[in-house]
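Results of the structural survey
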Amino acid sequence: MKKDANRKQGLNSQAMGLSPLLLLMVLSVLYPYRISFVITLVICTGSLVLFGYLSGKKVFLFMLLPVAITLVLYSIFFYSSLESALYNYTPLITEWLLVMVLSLLSTFRRIILWRVRKSKHPVKKQAQFRTALTEYFHVAQIVQNLYTLHFFALLFYILFFEGIRMMRIERFLYHQAPFVIGLMIILYEQVRLYLLQKRLQEEKWLPVLNGEGKVIGRIAYSVSLGSNAKHCHPVVRVAVICRGMLYLTRRAADSPVSPGALDYPFLGYVLFKRTLEQTIKELVGRIMPWNLLNLHFLVRYLFQDEKVCSLVSLYATALKSEDEFAKYLGPTNGKLWTKKQIEENLGKGIFSKYFEKEYPYLQNTVLLAEEYTARGKILRKNR
């Protein structure tokens, strides 16, 4: 599976589409330009056929299109008065033709992307198509800029070093530089895609919910943080109760909502393709055994502010003994808060926005039930 992924990554590298032209540049140094062109044309045709086959497998190597147009324009030189220039300047001519083709295609960028957005293809296929097109235009701009820079460097050398020309430098500028630049672009693109793929593998993905709470897509966690509540994500929260008191600890300093405020010890986003139970197990497993929790689902509600939009699932659990609390939660940075302490500090920015919205519900349900249970134990003990 890993080999297949790497193979697909290489084929999706738009810079790989430059390979036929780079091959023509190399062959033109070793063989007559007509033979070099025929060999390159055969390979390019095979690449286009392979591209057409792989397009059905979501591989879009768009760079082959401007390369094919460049080869067609190159063949026109065979029937013109400029044919003699192909003997010594094939790399430069192909480079110049490619820059012209890329410049022309770049003028239609907005139109092309607009047509893709307005197409009637499925949304998923549209997204893949647009991603590949965006990648193509990114690489095309790099190719165009570097080859244009090479032309300026060559012009500078011709104008200012006419009396002190060196054969080695001229050979490099006229014959080797176009190939070296193309090869560097391919290597750069391969490294960039590898690093991008590695980063995406490490990225956390959040499900995107519609108004009914159903998953309609996914988005990277880092991207969603900067979208200002544009997307709604599922969140799970677990209130821990001991002796009628709530255990609260501080939220992370980089939390998008109420950073550093007091909140429950178990809370977090439900990641893509994860269930609520799996998420709770992962959150709890960092601090205490899962089997100690006697979870009760309380309420599900929508929370939204200027930064996030969350569909919150609130659970509660009551630890059976003080020994359990001291063993697993006592040494941490939080503490138990009584109802009186909480009510005296509500609205002062001490507690998180989530907690302040949930506390009235907790007060009239689980905390009230804990209070009645504690009173019952005292009455039975006094009897």
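Quick caveat: nothing in here was measured; it's all calculated off a predicted structure. (Residues numbered from 1 in each chain as written. Predicted model: local features only at pLDDT ≥ 70, side-chain atom pairs only at ≥ 80, totals over all residues. Heavy atoms only, no water.)

A tally of regular secondary structure across the chain gives 14 helices and nine strands. Expressed as a percentage of its 383 residues, the buried residues of the chain come to 41%. Within the chain, contacts between residues at least 6 apart in sequence are counted, and of these 67% link residues at least 24 apart. (Helix = DSSP H or I, 4+ residues; strand = E, 2+ residues; numbered from the N terminus. Buried < 20%, exposed > 50% of the residue type's maximum accessible area, 1.4 Å probe, protein only. Contact = heavy atoms within 4.5 Å.)

To continue, consider the nonpolar core. Within the largest apolar cluster, 38 residues are counted, with the highest numbers of intra-cluster contacts made by Met 63, Tyr 74, Tyr 136, Val 143 and Tyr 147. When contributions to this core are tallied by element, the ones reaching two or more residues are α2 (19–30), α3 (33–55), α4 (64–76), α5 (86–106), α6 (109–118), α7 (123–160) and α8 (167–202). The contact partners of Val 143, leaving out residues within four places of it in the chain, are Leu 18, Leu 98, Leu 102 and Ile 185. In terms of nonpolar packing, the next biggest core, distinct from the first, is built from 20 residues, Val 238, Val 240, Leu 292 and Phe 325 among them. (Core = buried A, V, L, I, M, F, W, Y, C linked by side-chain atoms within 4.5 Å.)

Across its 36 residues, α8 extends 50 Å between first and last C-alpha, which sits within 8% of the 52 Å expected from 1.5 Å per residue. Helix geometry: α8 is bent most strongly at Gln 176, by close to 60°, with proline Pro 178 lying one to four residues after it. Turning to α8, its buried residues are Leu 173, Tyr 174, Ala 177, Pro 178, Ile 181, Gly 182, Ile 185, Ile 186, Glu 189 and Leu 193. (Expected span 1.5 Å × (residues − 1). Bend = angle between axes of the 7 residues up to and from the residue.)

Here α4 spans 19 Å end to end across 13 residues, near enough to the 18 Å set by a 1.5 Å rise per residue. The set of residues buried in α4 consists of Leu 64, Pro 66, Val 67, Ala 68, Thr 70, Leu 71, Tyr 74 and Ser 75.

So, about the packing of aromatic side chains. Counted according to the given criterion, the structure contains 14 aromatic pairs. Taken together, a centroid distance of 5.7 Å and an interplanar angle of 55° make the contact between Tyr 89 and Tyr 174 tilted. Here Tyr 174 lies in helix α8 and Tyr 89 lies in helix α5, a separation of 85 residues in the sequence. For Tyr 89, a relative accessible area of 36% puts it in the partly exposed group. Here Tyr 174 falls in the buried class, since its relative accessible area comes to 15%. Of the aromatic side chains, those joined through ring pairs into one cluster are Tyr 33, Phe 37, Tyr 74, Phe 78 and Tyr 87. Sitting over the ring of Trp 337, Lys 335 keeps its end group 4.6 Å from the ring centre. (Phe/Tyr/Trp six-rings, centres within 6.5 Å; stacked < 30°, edge-to-face > 60°. Lys NZ or Arg CZ within 6 Å of the ring centre and 35° of its normal.)

Moving on, we come to the pattern of salt bridges. A side chain with one charge may pair with a side chain of the opposite charge, provided their charged atoms come close. Summed over the entire model, instances satisfying the criterion amount to eleven salt bridges. For Glu 282, the salt bridge is made with Arg 274, and the minimal N-O distance between the two is 2.1 Å. Note on Glu 282: relative accessible area 42%, which makes it partly exposed. Residue Arg 274 is classed as partly exposed on the basis of its relative accessible area of 37%. Glu 277 serves as the salt-bridge partner of Lys 281, at 3.6 Å between the closest nitrogen and oxygen. Remark: Glu 277 and Lys 281 occur in helix α10 (residues 276–285); sequence separation between them is four residues, near one turn of the helix. Residue class for Lys 281 comes out partly exposed when judged on its relative accessible area of 38%. Residue class for Glu 277 comes out partly exposed when judged on its relative accessible area of 48%. Each member of the salt-bridge network shares a partner with another, and the members are Arg 237, Arg 251, Asp 263 and Glu 358. (Salt bridge = Lys/Arg side-chain N within 4 Å of Asp/Glu carboxyl O.)

When two helices pack together, their arrangement is given by the angle between the helix axes and by the axis-to-axis distance. At a minimum axis separation of 9 Å, α2 and α8 run at an interaxial angle of 150°. Between α2 and α8, the angle is such that the two are roughly antiparallel. Regarding α2 and α8, the two cross each other, and that crossing is left-handed. Contacts between α2 and α8 pair Ser 19, Leu 22, Met 25 and Val 26 from the former with Pro 178, Phe 179, Gly 182, Leu 183 and Ile 186 from the latter. Residues belonging to the contact of α2 with α8 are distributed by class as follows: seven nonpolar, two polar and no charged. (Axes fitted to C-alpha atoms, helices over the stretch in contact; angles between N-to-C directions. Parallel < 35°, antiparallel > 145°, perpendicular 65-115°, else oblique. Left-handed = near helix turned anticlockwise from the far one by under 90°. Nonpolar A, V, L, I, M, F, W, Y, C, P; charged D, E, K, R; others polar.)

We now examine the packing of α2 against α5. In the contact formed by α2 and α5, the axes pass within 9 Å of each other and the chain directions differ by 160°. With respect to α5, the axis of α2 lies roughly antiparallel. Relative to α5, the crossing made by α2 is right-handed. Residue-level inspection shows Leu 21, Leu 24, Met 25 and Ser 28 of α2 in contact with α5, the latter providing Thr 90, Pro 91, Thr 94, Glu 95 and Leu 98. Class assignment for the residues of the contact of α2 with α5 results in five nonpolar, three polar and one charged.

Here we come to the environment of Leu 262. Position of Leu 262 among the secondary structure elements: in strand β5 (residues 262–263). Between the C-alpha atoms of Leu 262 and Leu 248, which are 14 residues apart in sequence, the distance is 5.8 Å. If near-sequence neighbours (up to four positions away) are discounted, Leu 262 is found in contact with Leu 248, Thr 249, Arg 250, Trp 337, Ile 350, Phe 351, Ser 352 and Phe 355.

With eight bridges joining them, strand β7 (residues 296–304) and strand β8 (residues 309–318) adopt antiparallel strand pairing. Pairing of Tyr 301 across the sheet is with Val 312, part of β8. Between β7 and β8, which pair antiparallel one after the other, the connecting turn spans four residues. (Pairing = 2+ DSSP bridges.)

The subject of this paragraph is the pairing of strand β1 (residues 205–209). Most of β1 is tucked away, with four of its five residues classed as buried. Here β1 pairs with strand β2 (residues 215–220) via five bridges, running antiparallel. Its bridge partner being in β2, Val 208 is matched across the sheet by Gly 217.

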